[in-house]
Amino acid sequence: MNSDNRTLFGHLPDGTAVEELTLTEGAASCSILTYGGALRSLKVPDRTGRPVDVVLGLDTQEDYMIQDKYLGALIGRYANRIGGSRFTLEGREYLLRANDGPNHLHGGPAGFDKKVWNVQKQTVSSATLALFSPDGEEGYPGGLEVTVTYTLRDQALEIAYRAKTSKTTVCNLTNHAYFNLSGHQSGIIDRQYIQLLADRYTPVDSSLIPTGTVEAVEGTPMSLRELQPIGGREYDHNWAVLGWDGSLRPAARAWSPDTGILMETLTTLPGIQFYTGNFLDGCPRGKDGAPYAKRWAFCLETQYFPDSPHHKSFPSAVLQAGKAYESRTVYRFEIKGRTTV
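Quantities reported herein were computed from a predicted structural model and do not represent experimental measurements. (Residues numbered from 1 in each chain as written. Predicted model: local features only at pLDDT ≥ 70, side-chain atom pairs only at ≥ 80, totals over all residues. Heavy atoms only, no water.)

Trainee: Quick question: what am I supposed to make of the pairing of strand β22 (residues 249–255) here?
Mentor: Regular strands place side chains that alternate from one sheet face to the opposite one. As paired elements, strand β17 (residues 193–196) and β22 share 4 bridges and run antiparallel to each other. Pairing of L196 across the sheet is with A252, part of β22. Of the strand pairs in this sheet, β22 and strand β23 (residues 261–267) are connected by 6 bridges, and their pairing is antiparallel. In the strand pairing of β23, P250 is matched with L266. Counting the residues in the hairpin turn of β22 and β23 gives 5 residues, including G260, whose phi is positive at 80°. (Pairing = 2+ DSSP bridges. Helix = DSSP H or I, 4+ residues; strand = E, 2+ residues; numbered from the N terminus.)

Trainee: How should the side chain of N278 be read in this particular structure?
Mentor: Tracing the backbone through its elements, the reader meets N278 in the loop between β24 (271–275) and β25 (299–303). Here N278 falls in the buried class, since its relative accessible area comes to 9%. Within the structure, the side chain of N278 is placed 2.6 Å from the side chain of T276, a separation counted as a polar contact. (Buried < 20%, exposed > 50% of the residue type's maximum accessible area, 1.4 Å probe, protein only. Polar contact = N/O pair within 3.5 Å; in protein donor to acceptor, adjacent residues only side chain to side chain.)

Trainee: Looking at this structure, I do not really get the pairing of strand β14 (residues 156–165). What am I missing?
Mentor: Counting buried positions over the 10 residues of β14 gives 7, a clear majority of the element. Judged from the 10 bridges that link them, strand β13 (residues 144–153) and β14 form a sheet pairing that is antiparallel. Counted as the bridge partner of R153 is A156 from β14. Between β13 and the antiparallel strand that follows it, β14, lie 2 residues; D154 among them carries a positive phi value of about 50°. Pairing of β14 with strand β27 (residues 324–335) involves 9 bridges; the strand directions are antiparallel. What sits directly across from Y161, in β27, is S327.

Trainee: What exactly am I supposed to notice about the environment of T88 here?
Mentor: Here T88 is to be found in strand β8 (residues 86–89). Overall, the relative accessible area of 47% leaves T88 in the partly exposed class. Counting along the chain gives 221 residues from T88 to P309, while the straight-line C-alpha distance between them is 7.4 Å.

Trainee: In this structure, what is going on with the sheet that holds β24? I would like to understand it.
Mentor: Within a sheet, neighbouring strands are paired by backbone hydrogen bonds and run either parallel or antiparallel to one another. Pairing is antiparallel across the open sheet formed by 5 strands, whose spatial order is β19-β18-β21-β24-β25. At either margin of the open sheet sits one strand with a lone partner, and together these are β19 (215–216) and β25. One ladder, built from 5 bridges, connects β24 with β25; its direction is antiparallel. Opposite I272, over in β25, you have T302 as the bridge partner.

Trainee: Teacher, can you tell me more about the side chain of N238 here?
Mentor: Note on placement: N238 falls in strand β21 (residues 236–240). We classify N238 as buried; its relative accessible area is 1%. In contact with N238, not counting residues within four places along its chain, are Y201, T202, G271, I272, Q273, Q303, F305 and P306. (Contact = heavy atoms within 4.5 Å.)

Trainee: Explain unusual backbone geometry here, please?
Mentor: Leaving glycine aside, a negative phi is the common case for residues, and trans is the common case for peptide bonds. Note that the residue after G76, namely R77, is joined by a cis bond; omega there is 5°. Secondary-structure assignment places R77 in the loop between β6 (74–75) and β7 (81–82). Despite not being glycine, D288 shows a phi value in the positive range, around 55°. Using a relative accessible area of 74% as the deciding quantity, one classes D288 as exposed. A positive phi angle is found at D307, which is not glycine, with a value near 60°. Along the polypeptide, D307 turns up in the loop between β25 and β26 (318–319). The class for D307 is buried, based on a relative accessible area of 3%.

Trainee: Is there a simple way to explain the sheet that holds β13 in this structure?
Mentor: Ordered in space as β11-β12-β13-β14-β27-β23-β22-β17-β20, the 9 strands form an open sheet in which the pairing is antiparallel. The sheet is open, and its two edges are formed by β11 (118–122) and β20 (228–229), each paired on a single side. With 8 bridges connecting them, strand β12 (residues 126–133) and β13 associate as antiparallel partners. When the bridges of β13 are listed, S126 appears paired with T151.

Now the structure itself:
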């Protein structure tokens with residue numbers, strides 16, 4: 001178990017071991033936990049060449065188990081929310097476990113973020129994790145076999161997802177990394193910049209469930225089509241990726257004037273959730289004692305639209321038995337000066 005790139009991180013109460021996998025490629029490195037498949041660190045060089053850890057993470061397995069922020073975790077079976085914790089598929093209603101008031105969030109109280117994933121393969125710069133979710137788990141139909149591959153390549157972190165099911169089901173997988181491009185310990189993100197390559201978004205009700213419409217961002221606070229400071233506005237919404245056709249295409253850009261680090265997010269999925277860490281208060285202290293709090297990071301979660309089983313006009317997250325779910329997300333890094341962004 002113990003080697004330069006695979007070490008013991010901790011144990012679950014039942015004694016199950018949790019490992020930390022370290023990947024390196026050029027000047028970039030990252031670490032991934034088998035608990036939740038969580039991205040614990042991601043270091044990329046700033047404008048001076050100094051490595052900066054740009055994702056939030058925790059120092060102990062105990063802290064990962066008590067936090068409820070999904071820090072860096074792989075999310076499934078269904079990322080984001082399903083209203084009323086139920087959906088109908090092929091004429092049958094399925095009842096899910098509620099964990100967000102009456103709604104179902106991020107796969108339920110025992111979602112993929114709470115599982116210990118198996119290491120299927122690891123190289124210096126990549127790791128493949130595997131998980132089996134049995135038929136009926138959290139209320140979902142079908143036994144689901146999932147693999148997720150993290151790869152560092154060409155100044156980017158690539159995350160490739162694959163799944164297959166024994167029965168028709170819904171499948172919507174993502175990663176819940178919290179980014180702070182000034183460094184995980186650097187504080188509030190208001191001075192950092194964001195751009196979403198999207199002309200439309202999905203409005204939500206008071207419980208963050210989509211209303212079912214897809215509306216233009218023009219003339220609204222949801223218009224983030226130009227790179228601009230995040231500022232003090234709270235976001236937790238889904239945008240429709242411009243020109244989505246299933247190919248890998250750019251969905252967002254973010255930039256820190258402090259480090260010069262620019263991150264481009266590309267995805268094969270139709271939606272991207274921009275979330276400004278509005279509920280980070282109460283998080284355990286982070287790596288090296290960093291006092292993580294509200295708005296200390298942002299998330300760019302690639303996804304099918306929230307609550308899509310209830311909205312026929314949304315891209316479908318239904319996975320048929322015998323068919324393969326495949327998606328890919330890339331976080332690509334470079335250095336940009338203020339005048340060249």
